[in-house]
Amino acid sequence: MKRVATIWLDGCSGCHMSFLDMDSRLIELSCMMDMVYSPYMDIKEYPQDVDIALVEGSISTEDDLKKIKHIRENTKTLIAFGDCAITGNISAMKNFVGSDEVLNRAYIELSCNKVIPNKVVPRLLDRVSPIHEIVSVDYFLAGCPTPSIAIYETIKSLLEDKIPDISSFTRFGK
Ligand code: SF4
């Protein structure tokens, strides 16, 4: 069975919610794959030899940067999962104003504590990037969120060693 992972970087988790929206199709897929890493599971370390990884979200922190390089090194087929992973989307709106302005707004102007956290939380990068700017990507699964039918068709095709054709399930449809 192929080893499958889903990863949540800088996204809203909406694409992972859409994954759950596959509903009963999840049962069908679960008979064809081993889920080895995901926010749905309590596994801390990304494993080696992952066959298929769906990565939600963009690269916004030093932690994201380290993670995506490690994920790429240990994954055969990497999928940019949703528009944040593909273009930066909502997460990349920060690029218009920069990290300092965003942190000031969130932690000084709108917070009672008036302290910008500098421990435990990873440091923000100056610029938010889509995944393909950092590592190579094998497939781009568009949508905000990606429609669950497109997620299903993509995973199923890859599990069957076929090239996915999701053109009729996304806004780039025929
Ligand atoms: Fe959320 Fe949309 Fe980004 Fe998916 S693409 S993580 S739904 S904002």
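Our subject in this report is the structure included herewith. Keep in mind that what you see is a predicted model, and the values were worked out from it rather than measured. Each chain has its residues counted from 1, running along the sequence as written. Given that the model is predicted, a residue must reach a pLDDT of at least 70 before its local features are reported, and side-chain atom pairs must reach 80 or more before they are shown or counted; all residues, however, enter totals for whole chains, interfaces and linings. Hydrogens and waters are ignored; side-chain quantities use all the structure's heavy atoms.

Quick look at the site of the ligand
Then, number 1: Nearness is judged by heavy atoms alone; a residue qualifies as near a molecule or strand once a single heavy atom is within 4 Å of it. Around the ligand, the structure places Gly 11, Cys 12, Gly 14, Cys 15, Glu 56, Asp 83, Cys 84, Asn 89, Ile 90, Gly 143, Cys 144 and Pro 145.
Then, number 2: Of all the secondary structure elements, the ones that give two or more residues to the shell around the ligand are helix H1 (14-20) and helix H4 (83-87). Every helix listed is a DSSP run of H or I at least four residues long, and every strand listed is a run of E at least two residues long, numbered separately from the N terminus.

Re the nonpolar core
Then, number 1: Within this scheme, the nonpolar core is defined by two criteria: the residues are buried Ala, Val, Leu, Ile, Met, Phe, Trp, Tyr or Cys, and they are joined through side-chain atoms within 4.5 Å. Throughout, exposure labels follow a simple rule: accessible area from a 1.4 Å probe, protein chains only, divided by the maximum for the residue type, with under 20% read as buried, over 50% as exposed, and the rest as partly exposed. Membership of the largest hydrophobic core comes to 21 residues, with the highest contact counts inside it found for Ala 5, Ile 7, Tyr 46, Val 55, Ile 68, Leu 78 and Ile 131.
Then, number 2: Within the residue set of this core, elements represented by two or more residues are strand S1 (2-8), strand S2 (33-37), strand S3 (50-56), helix H3 (62-73), strand S5 (75-81) and H4.
Then, number 3: No other element matches S3, which puts three residues into this core.
Then, number 4: Between two residues, a contact is recorded if the distance between any of their heavy atoms is within 4.5 Å. Those residues in contact with Ile 7 that sit more than four places away from it in its chain are His 16, Tyr 37, Tyr 46, Ala 53, Leu 54, Val 55, Glu 56 and Ile 71.
Then, number 5: With 18 residues, the next largest nonpolar core counts Phe 19, Ala 150, Leu 158 and Leu 159 among its residues.

Overview of H3
Then, number 1: For H3, built from 12 residues, the straight-helix expectation of 16 Å at 1.5 Å per residue is met to within 8% by its first-to-last C-alpha distance of 17 Å.
Then, number 2: Taken together, the buried positions of H3 are occupied by Asp 64, Ile 68, Ile 71 and Arg 72. Relative to the axis of H3, the buried residues are bounded by an arc of 95° and lie together on one face. More than 90 degrees from the buried face of H3, the exposed residues found are Lys 66 and Glu 73.
Then, number 3: Buried-residue contacts for H3 involve S1, S3, strand S4 (59-61) and S5. Any helix carries an expected span of 1.5 Å times its number of residues minus one. Here the arc refers to the directions that run from the helix axis out to each C-beta atom.

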